[in-house]
Amino acid sequence: MFKFTAKALACALSLGIAGMAQAADPIVIKFSHVVAEHTPKGQGALFFKKLVEERLPGQVKVEVYPNSSLFGDGKEMEALLLGDVQLIAPSLAKFEQYTKQVQIFDLPFLFDDLKAVDRFQQSPEGQKLLTSMEDKNITGLGYWHNGMKQLSANKALREPKDARGLKFRVQASAVLEEQFKAVRANPRKMSFAEVYQGLQTGVVNGAENPWSNIYSQKMYEVQPYITESNHGLLDYMLITNTQFWDGLPADVRSELEQILVETTAEVNKLANELNESDKQRIIDAKTSEIIQLTPEQRGMWRDAMKPVWKMFEDDIGADLIKAAEASNKQ
Ligand code: LMR
C-alpha cells in the first residue's frame, strides 16, 4: 500500500512538473495541407498558428506544412489516424471512406451560394456531421470555406454536350465521378498535387475548382477556357485525431477551441475575398477565356447533373438532402 502511494506521489509530482509551462516540452500540433499558402485554407492554418503562439506560448507549438510537403491526398488522413499529424482540413469530397453522409456537400447544384452553405453547416444537421466519425477516431472541429467550383477545360464548355468524352480530374469522390458521367465525360481520380501536370500533359482535359485553387496552382495557364458555373462546392472540414484532442489538458483544449472559432470566422471572411481577387488575377492574365452561362445554359447543366442526387440518396439520407435544400430559401 505504502509502495503504491509513494509511486503515485512520484507520478503526480512528475506530472505536475511536466504541466509547468516553462519546464515541459510544448505540445506540437502538426498541420498538414495540400494547397498553397495564399488560399483560404493556407491562410487559415497560418492564422491559427499565430494565435496559438500569442496565447499559448511555450505550451503549444504549431508547425504548418503546406502544398502536400509533408503528406498529400490519400496519405494525410492515414497520417492523422497514426498520430503523425494532429490537424488537417481535407475537402468535404475526401471523407467517403469514413462517412457516407458528408457526401452531401458534393451533390451538384445543391447550394445556391455560400450563404446557404453557411446556414446548412451551422444547422443542427450540419453540426451533427462534425461528430459523425468519432467512432473512427476523427473529430470535426469546424467547417472552413473555400468556395464554389468552376469548370475548366481545353475547350469551351457552354452546354453539357460540350463536356462529352473529355477527361476530367476529380477528387476521390464517387459523387463527383457520377457528376461527370452524367454529362458523358470521363472522370479520373487524381491527387491535388498532380493536377497541374495532368492538365499540362493532357492526361486530363479539364477540372473543377474554386478560383483560388485555379489561380494558386496556375491551372489557368494550362486551361484555355473557364466556365463560371458555380455548380458545386469545395469546402473543408477541419479535423483532428479524437484521442489526441480528448487527451489535451482541458484548459489548453478550451483555449484552442476559442482560437478555432476565431480562425474559422477569419477563413470564411477571407475565402470570398480571395476567390474574388484570384478570379480577377486570372482575368488579367488573359490566358483563359472566361465563359458566363446564360440562365438556360446553367439550367441544362443542372438538369443533366441533378439525377446524381437520387443515386446517393440512400447513403446520404433524403431528410439530410431536404434540410440542405431548405437552406437556400431562408
Ligand atoms: C482538391 O483536391 O481539388 C482540393 O481538395 C484541394 C484543396 O484542398 O482545396
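Bear in mind the structure is a predicted one, so any value in this text is a computation, not a measurement.

Definitions and cut-offs
The numbering scheme is per chain: residues are counted from 1 as the chain's sequence reads. The model is predicted, so local features are restricted to residues of pLDDT at least 70 and side-chain atom pairs to those at 80 or more, both for listing and for counting; the totals for chains, interfaces and linings are taken over all residues. Derived side-chain values reflect all non-hydrogen atoms in the structure, with water molecules and hydrogen atoms excluded from consideration. In this description, strands pair whenever DSSP reports at least two bridges between them. Helix and strand assignments come from DSSP, with helices taken as H or I runs of at least 4 residues and strands as E runs of at least 2, each series counted from the N terminus. Call a crossover right-handed when, viewed with both strands pointing away from you, the route from the first strand across the helix to the second goes clockwise. An axis is simply a line fitted to the C-alpha atoms; with a helix, the fit covers only the stretch in contact. Between two such axes, the angle follows the N-to-C directions and lies from 0 to 180 degrees. Roughly parallel here means an angle under 35 degrees, roughly antiparallel means over 145, roughly perpendicular means 65 to 115, and every remaining angle is called oblique. With the far helix as reference, a near helix turned anticlockwise by less than a right angle produces a left-handed crossing, and one turned clockwise produces a right-handed crossing. Residues count as neighbours in contact if any of their non-hydrogen atoms are within 4.5 Å of one another. Gly counts as polar in this scheme, as do all residues outside two lists: the nonpolar Ala, Val, Leu, Ile, Met, Phe, Trp, Tyr, Cys and Pro, and the charged Asp, Glu, Lys and Arg. The pairing test for Phe, Tyr and Trp rings, Trp by its six-membered ring, is centres within 6.5 Å, and the orientation test on the planes gives stacked under 30 degrees, edge-to-face over 60, and tilted for anything in between. Exposure categories follow from relative accessible area, calculated using a 1.4 Å probe and restricted to protein chains: below 20% of the type maximum is buried, above 50% is exposed, and the middle band is partly exposed. Should the NZ of a Lys or the CZ of an Arg lie within 6 Å of a ring centre and within 35 degrees of the ring normal, that charge is described as sitting over the ring. Directions from the helix axis toward the C-beta atoms define the arc. Working definition of a nonpolar core: buried Ala, Val, Leu, Ile, Met, Phe, Trp, Tyr and Cys residues. They are joined through side-chain atoms within 4.5 Å. The salt bridge criterion pairs a side-chain nitrogen of Lys or Arg with a carboxyl oxygen of Asp or Glu, the two atoms within 4 Å.

Visitor: I'd like a rundown of the pairing of strand β5 (residues 167–170), residues and numbers included.
Guide: Examined bridge by bridge, β5 and strand β6 (residues 186–189) share four bridges and lie parallel to one another. Opposite K167, over in β6, you have N186 as the bridge partner. Where the polypeptide runs from β5 across helix α6 (residues 174–181) and back to β6, its parallel neighbour, the crossover connection is right-handed.

Visitor: Describe the packing of α6 against helix α12 (residues 307–316), naming the residues involved and giving the relevant values.
Guide: Two numbers describe how α6 lies on α12: the axes approach to 9 Å, and their chain directions differ by 150°. The pairing of α6 with α12 is recorded here as roughly antiparallel in orientation. When you trace α6 past α12, the crossing you get is right-handed. Of α12, the residues touching α6 (which contributes A174, V175, E178 and Q179) are V308, M311 and F312. Of the residues that constitute the contact of α6 with α12, the class distribution is five nonpolar, one polar and one charged.

Visitor: Please set out the packing of aromatic side chains residue by residue, giving values where relevant.
Guide: Centre-to-centre distance and the angle between the planes together describe a pair of aromatic rings. Evaluated as defined, the whole model comprises seven aromatic pairs. Between F31 and W144, the aromatic rings sit 6.0 Å apart at their centres with planes inclined by 40°, giving tilted as the arrangement. Of this pair, F31 sits in strand β1 (residues 27–32) while W144 sits in strand β4 (residues 138–153), placing them 113 residues apart in sequence. For the pair formed by F31 and W144, the shared burial category is buried. Note on Y215 and Y220: the rings are 5.4 Å apart at their centroids and 10° apart in plane angle, and the pair reads as stacked. What makes Y215 partly exposed here is its relative accessible area of 25%. Three or more aromatic residues link up through ring pairs in this structure, and these residues are F105, F111, F120 and Y143. Looking at K306, its charged tip hangs above the ring of W309, at a distance of 4.5 Å from the centre.

Visitor: Can you explain the packing of helix α2 (residues 40–55) against helix α10 (residues 250–285)? Please cite residues and give values.
Guide: In contact at an axis separation of 9 Å, α2 and α10 are set at 150° when each is read in the N-to-C sense. Regarding α2 and α10, the two cross each other, and that crossing is right-handed. When α2 is examined against α10, the residues P40, Q43, G44, F47, F48, L51, V52 and R55 are found in contact with a partner set consisting of E255, L256, Q258, I259, L260, E262, T263, E266, V267, L270, A271 and L274. When the residues that make up the contact of α2 with α10 are grouped by side-chain class, the tally is twelve nonpolar, four polar and four charged.

Visitor: Would you mind going over unusual backbone geometry in detail, with residue names and values included?
Guide: Even without glycine at this site, K218 takes up a positive phi of about 60°. Relative to the helices and strands, K218 is located in the loop between α8 (211–216) and β8 (225–241). On the basis of relative accessibility, which here comes to 43%, the residue K218 falls in the partly exposed class. Positive phi, normally seen in glycine, also occurs at N230, with a value near 45°. The residue N230 is located in strand β8 in this model.

Visitor: Give me α12: which residues, what numbers.
Guide: An α-helix turns once every 3.6 residues. As a result, residues three or four positions apart point the same way. Buried within α12 are the following residues: V308, W309, F312 and I316. Buried residues of α12 fall within an arc of 90° about the axis and therefore sit on the same side. Turned more than 90 degrees from where α12 packs its buried face, K310 and D314 sit exposed. Summarising the contacts, the buried residues of α12 are in contact with α6, α11 (295–305) and α13 (318–326). One or two positions beyond α12, positive phi appears at G317, with a value near 110°.

Visitor: Residue-level account of the nonpolar core, with values.
Guide: One finds F31, F48, V52 and L256 to be the most contacted residues of the largest nonpolar core, which totals 38 residues. Among the secondary structure elements, those contributing two or more residues to this core are β1, α2, β2 (60–65), α7 (195–201), α8, β8 and α10. Per-element tally for this core: the top contributor is α10, with six residues. Core analysis: the next-biggest nonpolar cluster, separate from the first, contains 37 residues, M77, L107, M133 and I321 among them.

Visitor: Give a description of the pattern of salt bridges that names residues and reports values.
Guide: In total, this model carries 17 salt bridges according to the counting rule given. Put simply, D73 and K94 hold a salt bridge, and the shortest N to O gap is 2.7 Å. Placement of D73 in the loop between β2 and α3 (76–82) and of K94 in the loop between β3 (87–88) and α4 (114–122) is noted, with a sequence separation of 21 residues between them. Its relative accessible area of 19% is what places K94 among the buried residues. Measuring nitrogen to oxygen at the nearest pair gives 3.1 Å for the salt bridge that ties E228 to K279. Within this pair, whereas E228 is found in strand β8, its partner K279 is found in helix α10, the two being separated by 51 residues in sequence.

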